[in-house]
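Here are the chains, one letter per residue:
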Amino acid sequence: MKLDNSLPLEYKTEQGRLNILGFWIFLGAEVMLFATLFATYFILAPRTASGPTGAEIFEITPVLIETILLLTSSFTIGLGVHAMRLGRKNAMMTFFGITLLLGLAFLGVEIYEFTHYVNIGAGLQVSAFTGILMTTLGTHGAHVTLGLFWGLFIILQVKKYGLTPKTANKAFIFSLYWHFLDVVWIFIFSFVYLKGMM
Amino acid sequence: MTYFDRFAIPHPSPAIYASMVAIGLTVIAILFGLTYFKKWGYLWREWLTTVDHKRIGIMYLIAALLMLFRGGVDAIMLRAQTAVPDNTLLDAQHYNEVFTTHGVVMIIFMAMPFIYALMNFIVPLQIGARDVAFPRLNALSFWLFFMGAMLFNISFVVGGSPDAGWTSYFPLAGNDFSTSVGTNYYLLSIQIAGIGTLISGINFMTTIFKMRVPSMTLMKMPMFTWTALITNAIVVFAFPVLTVVLLLGTMDRLFGTHIFTMTNGGMDMLWANLFWVWGHPEVYILILPAFGIYSEIVSTFSRRNLYGYKSMVASIVIISFLSFLVWAHHFFTMGQGALANSIFSITTMAIAIPTGIKIFNWLLTMRKGRIEFTVPMLYTIGFIPIFTIGGVTGVMLGMASADYQYHNTMFLVAHFHYTIIPGVVFAMLAGLTYWWPKMFGYMLSEKIGKWAFWFIAIGFNVTFFPMFFTGLDGQARRMYTYSEATGYGPLNLLSFAGAIVLMAGVAILVYNIYYSTRYAPRNIGSDPWNARTLEWATQSPVQSYNFARTPHVESTEAFWDHKKKGKPLFKGKIEKIHMPNNSGMPFIMSSIFFVWGFSFVFSMWIPAIITTIAIFACMAHRSFEKDDGYYIPVEEIEATEKDSEVLTDETR
Ligand code: HEM
Ligand SMILES: [Cu+2]
């Protein structure tokens, strides 16, 4: 395999570069996916029928916790990639591990949030608003869940094979994915929760 | 027993029972044949597990032709039912199901795979690449599409077909008005196929951006590759919208949300909007590759380079952009107000400008050219006037105030068939005939091909031209019958006669494939049309590794330059070539997707959960798999190249 040594590890192979470009294009598609969900959400948010409005059900505490957890995890995965570039395998694995734990905690709070909504009578089937709210949040949550497994597999592979162009490439792509989920969350936080609470 | 009731067909008829028997017998025959001729191993090794873009292209092609047959049978049933007033061949429900499956099959399961068949086969060759960027994902795309298509196609014998039109508008498609599982089939099968298409979009964009031979700058790409690039860009941006809209529809139907319902705050028009935000770009996904194919053919058979290459590129880029801004023209009459209607009216008509530029470029390419009336060229020349009628009537429909007269009439049906049939079907048949020798190493008979062309072209016009008149006269679309007093009878009968001729044309085409496979000469060389672009610089049929040495490109017509101006095409010496390994995973994973979709259609949650986990297990398996492909050694390449007549610089 030809290696281009002027580039960081994850870009060294031809296939590695293809993977990264392909993944960026995939993220473009993901942007469209979430944009469609957001557009639908904005249209349906006022249509609460006889159910509760956003202002009535949103609570700032769990949402803030979720935000802090996810933002921190984006930071730690950045540190992980940095460690990877320095060739420090253990540090990289630790940071990826912390990232996943934070992600897991995020997911825990989100599940709590969902059960809370259902308990106070804002379940999936109540109104157009609750339906699209849970679908939008759920799509993001499903992405996080998938990310947890994916990240775990990558840690295991780095552990097994070390930092090779291949594992580094996978880890880097995973970090792009994770940052992207964070960006989506910022939108959710600002335009679903904050705007909804106002 | 109540559990099994769900699989019953809501409106059974003898025809459906007959189809069940026919499907059963065909499956048994295939299984028996494979076993008897001991072909299982061959099928698995060479096809089901292949990651070669050329073989995947051929599989897309076979699937597309099968679906053309299925959609064609539906079409004949529709025209037969409306051939005479007050006909009772099909009842209203059955007619609803048939026009729905006709539309879906033709657009999603015929036109799309046809396009991807040609893109798969040709694009990597035109850019001098070894394969696509992600060969295994490419196989996954195909199998997801295929399993989606199969899921859709079993609907009419298990549980009932969708019946709310290919646009599946809510609330009609919601639980209240569509009580069978038909619409579930629609939502899930298109979802599965759509994910496959999205993956293809990413794959081809990456391929075209990154895998061109180093000397091929963007503005030296052949026209078909350009259209493929832009088409896939539209796919990447439009298909996620479809993913979401299908997801939301599924939520409504299976999980009781109120997104598109009439009650609890739901908004039915949201479906129409979201659907067409994907749907209109989709029609350009269908038409742009066709433009690319015609561009290749026009310049090859006029023996001239393409007129106005740059304006061609510019116009496809503009078309792709505008295609996202016109969606509301599909429901001018649904009350979104004069301002919105006016804006969408203007954007709609604006698309006619870049499209017109392309038409003039083709005409100017032919001017002063030495035109050869081969079969691909006949389709191209036929396309121009027919498509222009489609475009002009499109502009008529695009005038919002006038659309109140045309909307939902046969006039609309005539319009979009006048764009889609010359735009997609003619182009695909032209492309198929043109590239057939590259794919299979022999040519289709020109003589039989011309017969097929004339039957298809005349049959098409006889079928659809009368609809402009009945439509203006007020005949509504999607109505299963009409009374004698309306006076629509004679023109509809004429239309039915045209459909028969069209069908006969397709039969001649199939016969041509059979005849040529048996009798066509095989020693035709690798460049039978005297063509211009890189794909013709390979052997026919193409070697698994495509090019032994990286070609060198100086213009959009590298191969022509090489032949006429003696520009060297292949420099350097042969090196070992890296190739991807075959894999059964795409096929297995897609099969699980089939069961997954089926479980959702019938709300069978336990298999749905199991298959969901299984799908993720497949992805995990892929993540841990160690597979670096293999190398073809230099000696082997030299051996295969030696007895080929591929042009080497030494021999020219
Ligand atoms: C200048 C070009 C075009 C214009 C101005 C145009 C305009 C329109 C308009 C205004 C409608 C909706 C009419 C109504 O519902 O009353 C329509 C429908 C349609 N068009 Fe076009 N169109 C153009 C090209 C195309 C092309 C190239 C294709 C496909 C390859 C296409 C496929 C369709 C289809 C499938 C429908 C029917 C959708 C349905 O079932 O409601 N059109 N077109
Ligand atoms: Cu449109």
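Residues numbered from 1 in each chain as written. Chains lettered and ligands numbered in written order. Predicted model: local features only at pLDDT ≥ 70, side-chain atom pairs only at ≥ 80, totals over all residues. Heavy atoms only, no water.

(A) Region of the structure containing the overall build of chain B. A tally of helices and strands in chain B yields 20 helices and two strands. Taking 652 residues into account, the globule formula puts the C-alpha radius of gyration at 26 Å, and chain B, at 25 Å, falls close to it. Taken along its principal axes, the extent of the C-alpha atoms in chain B is 75 × 60 × 50 Å. Here chain B, with 652 residues, has 60% of them falling under the buried criterion. If you take every contact in chain B between residues at least 6 apart in sequence, the share linking residues at least 24 apart comes to 82%. Between the mean site of the 41 positive side-chain charges and the mean site of the 36 negative ones, chain B shows a separation of 9 Å. (Helix = DSSP H or I, 4+ residues; strand = E, 2+ residues; numbered from the N terminus. Rg over C-alpha atoms; globule rule 2.2 N^0.38 Å. Buried < 20%, exposed > 50% of the residue type's maximum accessible area, 1.4 Å probe, protein only. Contact = heavy atoms within 4.5 Å. Lys, Arg positive; Asp, Glu negative; His and termini not counted. Charge placed at Lys NZ, Arg CZ, Asp CG, Glu CD.)

(B) The site of ligand 1, seen in detail. Residues and elements named next belong to chain B. Around ligand 1, the structure places 19 residues, and the nearest of them are Asp-403, His-407, His-415, Phe-416 and Arg-477. Contact between ligand 1 and His-407: an oxygen atom at 2.7 Å from a side-chain N or O atom of the residue. One nitrogen or oxygen atom from the side chain of Arg-477 is found 2.6 Å from an oxygen atom belonging to ligand 1. Among the elements of the structure, helix H9 (268-302), helix H12 (375-398) and helix H14 (410-440) are those that each provide at least two residues to the shell around ligand 1. Broken down by element, the residue count for the shell around ligand 1 peaks at five residues, all from H14. (Near = heavy atom within 4 Å. Polar contact = N/O pair within 3.5 Å; in protein donor to acceptor, adjacent residues only side chain to side chain.)

(C) Fine view of empty space enclosed by the protein. Residue and element names in this part refer to chain B. One pass over the full model with this rule turns up five cavities of 30 Å³ or more. Considered as a void within the structure, the largest cavity measures approximately 110 Å³ in volume. As for the largest cavity, its lining consists of 14 residues, of which Ile-108, Met-112, Phe-145, Ala-193 and Thr-197 are closest to the centre. Taken together, the elements giving at least two residues each to the lining of the largest cavity come down to helix H5 (92-126), helix H6 (135-153) and helix H7 (182-210). The element best represented in the lining of the largest cavity is H7, accounting for six residues. Considered class by class, the residues forming the lining of the largest cavity number nine nonpolar, five polar and no charged. (1 Å grid on protein atoms, 1.4 Å probe; cavity = no way out; pocket = protein on both sides within 12 Å on 5 of 7 lines; lining within 4 Å. Points joined across faces, edges and corners; volume = space filled by probe spheres on them. Nonpolar A, V, L, I, M, F, W, Y, C, P; charged D, E, K, R; others polar.)

(D) Fine view of the layout of surface pockets. All names here are of chain B. Roughly 1700 Å³ of volume is contained in the second largest pocket. When contributions to the lining of the second largest pocket are tallied by element, the ones reaching two or more residues are helix H2 (14-36), helix H3 (40-48), helix H4 (53-82), H5, H6 and helix H18 (585-601). Residue composition of the lining of the second largest pocket, grouped by class: 32 nonpolar, six polar and three charged.

(E) Focus on the coordination of the copper ion (ligand 2). Residue and element names in this part refer to chain B. For the copper ion (ligand 2), the full set of protein donor atoms is His-280 (ND1), His-329 (NE2) and His-330 (NE2), at a range of 1.7 to 2.0 Å. Each donor residue of the copper ion (ligand 2) lies on the same chain, and together they follow the pattern H-x48-H-H. Here the copper ion (ligand 2) and the iron atom of ligand 1 are spaced 4.9 Å apart. With His-280 in helix H9 and His-329 in the loop between helix H10 (309-322) and helix H11 (338-366), the pair connects residues that are 49 residues apart, well separated along the chain. (Donors = N, O, S within 2.8 Å, 3.2 Å for Na, K, Ca; no water.)

(F) Representation of the pattern of salt bridges within the structure. The final tally for this structure, using the stated rule, is 13 salt bridges over all chains. Between Glu-14 of chain A and Arg-17 of chain A there is a salt bridge, with the nearest N and O atoms lying 3.5 Å from each other. Highlighted residues: Glu-14 of chain A and Arg-17 of chain A, both in helix H1 (residues 14-44), separated by three residues, approximately one helical turn. When the shortest N-O distance is used, the salt bridge between Glu-557 of chain B and Arg-532 of chain B registers 2.5 Å. In this pair, Glu-557 of chain B sits in the loop between helix H16 (489-519) and helix H17 (558-565) while Arg-532 of chain B sits in the loop between H16 and H17, placing the two residues 25 residues apart along the sequence. Across the pair, Arg-532 of chain B and Glu-557 of chain B agree in class, each one buried. (Salt bridge = Lys/Arg side-chain N within 4 Å of Asp/Glu carboxyl O.)

(G) Region of interest: the packing of aromatic side chains. Residues and elements named next belong to chain B. Going through the model one piece at a time under the given rule, you end up with 90 aromatic pairs over all chains. Between the aromatic rings of Tyr-511 and Tyr-515, the centroid separation amounts to 6.0 Å while the plane-to-plane angle is 40 degrees, which identifies the pairing as tilted. One end of the pair, Tyr-511, and the other, Tyr-515, are both in helix H16, four residues apart, so they sit about a helical turn from each other. Of the residues examined, Tyr-515 reaches a relative accessible area of 30% and is grouped as partly exposed. With centroids separated by 5.5 Å and ring planes inclined at 70 degrees, the aromatic side chains of Phe-593 and Trp-596 adopt a geometry described as edge-to-face. Of this pair, Phe-593 and Trp-596 both sit in helix H18, three residues apart, roughly one helical turn. (Phe/Tyr/Trp six-rings, centres within 6.5 Å; stacked < 30°, edge-to-face > 60°.)

(H) Looking closely at the environment of Pro-46 of chain A. Residue and element names in this part refer to chain A. Relative to the elements of secondary structure, Pro-46 occurs in the loop between H1 and helix H2 (54-57). Under the relative-accessibility criterion, Pro-46 is labelled exposed at 62%. Between the alpha carbons of Pro-46 and Leu-71 there is a distance of 29 Å; along the sequence they are 25 residues apart.

(I) View of the side chain of Lys-358 of chain B. All names here are of chain B. Among the secondary structure elements, Lys-358 is positioned in helix H11. Despite its burial, Lys-358 remains without a salt bridge, the nearest opposite charge being carried by Glu-296 at 11 Å. Those residues in contact with Lys-358 that lie beyond four places of it in its chain are Met-223, Phe-291, Met-312, Ser-315, Ile-316 and Ile-319.

(J) Structural detail: the nonpolar core. In this structure, Phe-58 and Leu-133 of chain A together with Phe-109, Trp-226, Trp-271, Trp-278 and Trp-362 of chain B are the most contacted members of the largest nonpolar core, which totals 235 residues. It is H9 of chain B that contributes the most residues to this core, 20 residues altogether. What Trp-226 of chain B contacts, discounting residues up to four positions off in sequence, is Leu-218, Met-219, Met-221, Tyr-309, Val-313 and Ile-316 of chain B. The next biggest cluster of nonpolar side chains, apart from the first, holds 23 residues, and it includes Leu-140, Phe-593, Trp-596 and Phe-602 of chain B. (Core = buried A, V, L, I, M, F, W, Y, C linked by side-chain atoms within 4.5 Å.)

(K) View of unusual backbone geometry. All names here are of chain B. Across the junction of Phe-170 and Pro-171, the peptide omega takes the value 5 degrees, indicating a cis bond. Within the chain, Lys-38 stands out as a residue other than glycine whose phi angle is a positive 50 degrees. Phi at Lys-368 is positive, roughly 65 degrees, even though this residue is not glycine. With respect to the helices, strands and loops of the structure, Lys-368 is situated in the loop between H11 and H12. By relative accessible area, Lys-368 is classed as exposed at 72%.

(L) Structural view of the side chain of Thr-139 of chain A. Mapped onto the secondary structure, Thr-139 of chain A falls in helix H5 (residues 128-161). Residues in contact with Thr-139 of chain A, not counting those within four places in the same chain, are Leu-33, Phe-34 and Leu-37 of chain A together with Leu-247 of chain B.

(M) Here's a closer look at the interface of chain B and chain A. On the side of chain A, 36 residues touch chain B, which itself brings 39 residues to the contact. Summed over both sides, the interface between chain B and chain A buries roughly 3200 Å², with carbon and sulfur atoms accounting for 72% of that surface. At the boundary of chain B and chain A, one finds one salt bridge. Linking chain B with chain A are ten residue pairs in polar contact (both at pLDDT 80 or more). (Buried area = accessible area lost by both parts, 1.4 Å probe.)

(N) Geometry of the confidence of the model for chain B. The predicted model of chain B averages 91 in pLDDT, with 98% of residues at 70 or higher. Throughout residues 647-652 of chain B the model reports pLDDT below 50, and contacts reaching past four residues in sequence, or to other chains, amount to twelve contacts. (pLDDT = per-residue confidence, 0-100.)

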